[in-house]
Amino acid sequence: MSEVLLRFENVSKIYPSGSSHLTILEELNFSIEAMSSVAVVGKSGSGKSTLLNLAGALDRPTSGRVLFKGDDIGKMGDKELSLYRNRHIGFVFQSHILLEDFSALENISIPALIMGESARVAKKRAYELLERVGLRGRAHHKPQKLSGGERQRVAICRALINGAQLIIADEPTGSLDEASKEEVEHLLLEMVKEEKRTLLMVTHEQALAQKCDHLYLLQNRGLTLV
Ligand SMILES: Nc1ncnc2c1ncn2[C@@H]1O[C@H](COP(=O)(O)OP(=O)(O)OP(=O)(O)O)[C@@H](O)[C@H]1O
Ligand SMILES: [Mg+2]
């Protein structure tokens, strides 16, 4: 049996709303095996981003536990948590969150430099990743000189550079036109497989969702395997 990378145990997320509260996720139990790909679909407002934020340790559950390789993420302090995220988790969001004043190469290198990698090694690895996504020739372009699809490819490289085992993608192709959507989707899945990473992704693209190993529907505050 494969190793469980991420495990949700009775996870609930409740937001205060005026004098009452909103239960977004209720007693969620599920696991993600290492090296698998998992897609989550569901209506707008069903809690998909909330779920990803918990999985990526960007937020804490109201109750229950989120375990990464058996370690309770909720028990980590803020400093430990940000280190943990930088080392173990790569994020790809819908709208590119690249730093505008830095080149593609620099944007990709930054997480490696934060991890204490030497500038030489970080640059080498960033070039390799850029090559892999067909953007070596764009290494010195700043994000505003890149197309939407190219920026997403840079974001994928940045998510991968530190060897993060878990890649979390929230509608990674949501802001792209049809042609670049397909290209970026294929690339993300291919690279995750090639590099033996684990993917947890929210997508509205049916075709992309179906290419993943497991597909879940989030509705009525819970997950159902489709
Ligand atoms: N910080 C917050 N405080 C209060 N309510 C919140 C907060 N974040 C999200 N919500 C509410 O929780 C619900 C789920 O939000 P979430 O962003 O997880 O939905 P989603 O499934 O990702 O939707 P979409 O497909 O539109 O991105 C929404 O009703 C939202 O208004
Ligand atoms: Mg969302």
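Residue numbers restart at each chain and count upward from 1, following the sequence in its written direction. Lettering for chains starts from A, numbering for ligands starts from 1, and both go in the order in which the items are written. Where local features are concerned, this predicted model is filtered to residues with pLDDT of at least 70; where side-chain atom pairs are given and counted, the filter is 80 or more; whole-chain, interface and lining totals use all residues.

J.: Explain the overall build of the protein to me, please; I cannot follow it from the model alone.
T.: From N to C terminus, the protein includes 7 helices and 10 strands. For this measure, only C-alpha atoms enter the radius of gyration; the expected value for a globule follows 2.2 Å times N^0.38, where N is the number of residues. The C-alpha radius of gyration of the protein comes to 17 Å, within 12% of the 17 Å expected for a compact globule of 226 residues. Viewed in the frame of its principal axes, the protein has a C-alpha envelope of about 50 × 45 × 40 Å. Numbering of helices and strands runs from the N terminus; a helix is a DSSP stretch of H or I covering at least four residues, while a strand is a stretch of E covering at least two.

J.: I would appreciate a short explanation of the packing of helix H3 (residues 104–114) against helix H4 (residues 119–132) in the present structure.
T.: Packed helices, taken two at a time, are described by the angle their axes make and the gap between the axes. The angle between two axes is taken between their N-to-C directions and runs from 0 to 180 degrees, where each axis is a line fitted to C-alpha atoms and a helix contributes only its stretch in contact. Interaxial distance between H3 and H4 falls to 9 Å at its minimum, and their mutual angle equals 130°. By the angle between their axes, H3 is oblique relative to H4. For H3 against H4, the interelement crossing comes out right-handed. In contact with Ala104, Leu105, Ile108, Ser109, Ala112 and Leu113 of H3, H4 contributes Ala119, Ala122, Lys123, Arg125, Ala126, Tyr127, Leu129 and Leu130. Gly counts as polar in this scheme, as do all residues outside two lists: the nonpolar Ala, Val, Leu, Ile, Met, Phe, Trp, Tyr, Cys and Pro, and the charged Asp, Glu, Lys and Arg. When grouped by side-chain class, the residues that make up the contact of H3 with H4 number 11 nonpolar, 1 polar and 2 charged. Every angle not falling under 35 degrees, over 145, or within 65 to 115 is termed oblique; those three ranges are roughly parallel, roughly antiparallel and roughly perpendicular. Handedness of each helix crossing follows the sense of rotation of the near helix against the far helix: counterclockwise by less than a right angle gives left-handed, clockwise gives right-handed. Our contact criterion uses C-beta atoms placed from the backbone: two residues qualify when those atoms are within 7 Å.

J.: Please explain the site of ligand 1 as it appears in this structure.
T.: The rule is simple: place the C-beta atom from the backbone, and if it lies within 6 Å of a molecule or strand, the residue is near it. Around ligand 1, the surrounding shell consists of Tyr15, Leu22, Ile24, Gly42, Ser44, Gly45, Ser46, Gly47, Lys48, Ser49 and Thr50. Among the elements of the structure, strand E2 (20–33) and helix H1 (48–55) are those that each provide at least two residues to the shell around ligand 1. With 3 residues, the top contributor of residues to the shell around ligand 1 is H1. Taken together, the residues of the shell around ligand 1 break down into 3 nonpolar, 7 polar and 1 charged.

J.: Explain the sheet that holds strand E3 (residues 37–41) here, please?
T.: Remark on secondary structure: sheet strands pair via backbone hydrogen bonds, oriented parallel or antiparallel. Pairing between strands is defined by DSSP: at least two bridges between them are needed. The strand order E6-E7-E8-E3-E9-E10 describes an open sheet built from 6 strands, whose pairing is mixed. The open sheet has two free edges, formed respectively by strand E6 (89–92) and strand E10 (222–225), since each of these has just one partner strand. Looking at each pair of strands side by side, their axes are set apart by 20° on average, direction ignored. With 4 bridges joining them, strand E9 (residues 214–219) and E10 adopt antiparallel strand pairing. Counted as the bridge partner of Tyr216 is Leu225 from E10. The strands touched by H1 within the sheet are E3, strand E7 (166–170), strand E8 (198–202) and E9, with E8 carrying the most contacts at an inclination of about 155°.

J.: How should I be thinking about the nonpolar core in this particular structure?
T.: Soluble, globular proteins show a tendency: their nonpolar side chains are buried together. To count as a nonpolar core, a set of buried Ala, Val, Leu, Ile, Met, Phe, Trp, Tyr and Cys residues must be joined through C-beta atoms within 7 Å. Three exposure classes are used, based on other C-beta atoms lying within 10 Å of a residue's own C-beta, which is placed from the backbone: buried for 20 or more, exposed for 12 or fewer, and partly exposed in between. The biggest cluster of nonpolar side chains holds 60 residues, and the ones touching the most others in it are Ile108, Leu130, Ile156, Cys157, Ile167, Ile168 and Leu200. For this core, the element with the highest residue contribution is helix H5 (residues 148–160), accounting for 6 residues. With sequence-adjacent residues up to four places away left out, Cys157 is seen in contact with Ile108, Ala126, Leu129, Leu130 and Val133.

J.: It is not clear to me how unusual backbone geometry should be interpreted in this structure. Could you clarify?
T.: Residues other than glycine predominantly adopt negative phi, and peptide bonds predominantly adopt the trans conformation. Positive phi, normally seen in glycine, also occurs at Asn10, with a value near 50°. Structurally, the position occupied by Asn10 is in strand E1 (residues 4–17). Given 12 C-beta atoms within a 10 Å radius, Asn10 is considered exposed. Although it is not a glycine, Lys69 adopts a positive phi angle of roughly 50°. Position of Lys69 relative to the elements: it lies in the loop between strand E4 (63–68) and strand E5 (71–72).

J.: What is the right way to read the pairing of E2 from this model?
T.: The side chains of a regular strand alternate, first on one face of the sheet and then on the other. Bridge count between E1 and E2: 10 bridges; the pairing is antiparallel. Bridging from a neighbouring strand, Ile14 pairs with Thr23 of E2. Two successive antiparallel strands, E1 and E2, enclose a turn made up of 2 residues, where Gly18 displays a positive phi of approximately 60°.

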